[in-house]
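# Geometric and topological summary
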Amino acid sequence: MPPPNSCLKFKSRRFPPFFCFSAERGGGEEEEERGGVISRVSKSQFLDPALSQVGHLGETYQKWVHQPIISKEGPRFFASDFCEFLTRTVWWVIPLIWLPVICWLVSMSIQMGHPLPQVALMVVAGIFVWTLMEYSLHRFLFHINTKSYWGNTLHYLLHGCHHKHPMDGLRLVFPPAATAILCVPFWNLFKLVSTPSTAPAFFGGGLLGYVMYDVTHYYLHHGQPSREVARNLKRYHLNHHFRIQSRGFGITSSLWDKVFRTLPTSKATDKKT
């Protein structure tokens, strides 16, 4: 066992923070210390993949996960290579998989007798609905406060890892396997508020909105925009990551942040307060 009050650092490609052994704690427990955050973690798990560890952070998880580490690669999630593979996705896979599905859905509504203008209107309506879903999911699900073992673990898997390692290019878009599963309840939801013949185009629009969101999200982290609109959007999103993480939940636009009054405050306002 390491000497009392000493620190071990994980390999940078696994789990960057330090875990420290404290003589005062006793019982062979480790403490993690980063930016003032200290939490005990089971001795037997300090070399395990990240998902088996973050749950032990308890109430300090929220503070820890919102202290970003700038690295091109995040930690390993699972011991299983197959499960780990499912958590890593290159950005271009998203349009490659889902654009053909969207075209198929739109063609279904056309084949059912709807003229192109009507189908186009349903697609636009689906995109609009997605923008509200994007905001709502990000604000109320992705930023839910957790402190239990399973709550922390699920939150880290869903969104916490992105805030901890915001430049991890393989975990910026949603894995297609998970998207396919979520499509089932969302398809049924779209069917409830539309007719059998308009539902495919309506849902296709929502799915197109999702694709636009995912590729935009990747671009905001790794692209170098030259146009003012894109630069402002990038600045707006990175402000959410590195300055005010409790505001600015829109990714593709700030529309719903304006509607629900969650626009981030300016730096000048912060200095005054």
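Provided above is the structure to which this section pertains.
Residues numbered from 1 in each chain as written. Predicted model: local features only at pLDDT ≥ 70, side-chain atom pairs only at ≥ 80, totals over all residues. Heavy atoms only, no water.

### Points about the overall build of the chain
- Scanning the chain for helices and strands turns up 10 helices and four strands.
- Starting at the N terminus, the α and β elements of the chain follow one another as β-β-β-β-α-α-α-α-α-α-α-α-α-α.
- By the burial criterion, 45% of the 273 residues in the chain qualify as buried.
- Taking all contacts inside the chain whose residues are at least 6 apart in sequence as the whole, residues at least 24 apart take part in 61%.
- Of the roughly 14,700 Å² that the chain leaves accessible, carbon and sulfur atoms contribute 66%. (Helix = DSSP H or I, 4+ residues; strand = E, 2+ residues; numbered from the N terminus. Buried < 20%, exposed > 50% of the residue type's maximum accessible area, 1.4 Å probe, protein only. Contact = heavy atoms within 4.5 Å. Areas by Shrake-Rupley, 256 points an atom, 1.4 Å probe, with all protein chains shown as cover.)

### With respect to the pattern of salt bridges
- The full count for this structure, using the stated rule, is six salt bridges.
- Between arginine 171 and glutamate 84 there is a salt bridge, with its nearest N and O atoms 2.7 Å apart. Here the residue arginine 171 occupies a position in the loop between helix H5 (149-164) and helix H6 (176-192), and glutamate 84 occupies one in helix H2 (residues 81-86), the gap between them amounting to 87 residues.
- Its relative accessible area of 10% is what places arginine 171 among the buried residues.
- A single salt-bridge network, built from bridges that share partners, covers Glu84, Arg88, Asp168 and Arg171. (Salt bridge = Lys/Arg side-chain N within 4 Å of Asp/Glu carboxyl O.)

### Observations concerning the packing of H6 against helix H7 (residues 199-222)
- Orientation of H6 relative to H7, taken along the N-to-C sense of each, is 135 degrees, at an axis distance of 10 Å. On the basis of their axis angle, the class for H6 and H7 is oblique. You can see that H6 and H7 cross each other, and the crossing is right-handed. For the pair H6 and H7, contact is made by Thr179, Cys183, Phe186, Trp187, Phe190 and Lys191 and by Ala199, Pro200, Phe202, Phe203, Gly206, Leu207 and Tyr210, respectively. (Axes fitted to C-alpha atoms, helices over the stretch in contact; angles between N-to-C directions. Parallel < 35°, antiparallel > 145°, perpendicular 65-115°, else oblique. Left-handed = near helix turned anticlockwise from the far one by under 90°.)

### Section: the environment of proline 200
- Following the sequence through the fold, proline 200 ends up in helix H7.
- On the basis of relative accessible area, proline 200 is assigned to the buried category, the value being 1%.
- C-alpha of proline 200 to C-alpha of valine 119: the two residues are 81 residues apart in sequence and 9.4 Å apart in space.
- Excluding its chain neighbours within four sequence positions, the residues that come into contact with proline 200 are Leu105, Met108, Ser109 and Trp187.

### A word on unusual backbone geometry
- For arginine 261, which is not glycine, the phi torsion reads 60 degrees and is therefore positive.
- Mapped onto the secondary structure, arginine 261 falls in the loop between helix H9 (255-259) and helix H10 (267-272).
- Using a relative accessible area of 73% as the deciding quantity, one classes arginine 261 as exposed.

### A few points about the side chain of aspartate 214
- Mapped onto the elements, aspartate 214 comes out in helix H7.
- Among the polar contacts made by the side chain of aspartate 214, one reaches the main-chain amide nitrogen of phenylalanine 174 at a distance of 3.0 Å.
- Beyond its immediate sequence surroundings of up to four residues, aspartate 214 is in contact with Ile94, Leu172, Val173 and Phe174. (Polar contact = N/O pair within 3.5 Å; in protein donor to acceptor, adjacent residues only side chain to side chain.)

### Examining helix H8 (residues 228-242)
- Between its terminal C-alpha atoms H8 stretches 21 Å, which fits the 21 Å expected from 15 residues at 1.5 Å a residue.
- When we look at burial in H8, the residues that qualify are Leu233, Lys234, Tyr236, His237, Asn239, His240 and His241.
- On the buried face of H8, the contacting elements are helix H4 (116-141), H5, H7 and H9. (Expected span 1.5 Å × (residues − 1).)

Keep in mind that these numbers describe shape and distance, not what the molecule does.
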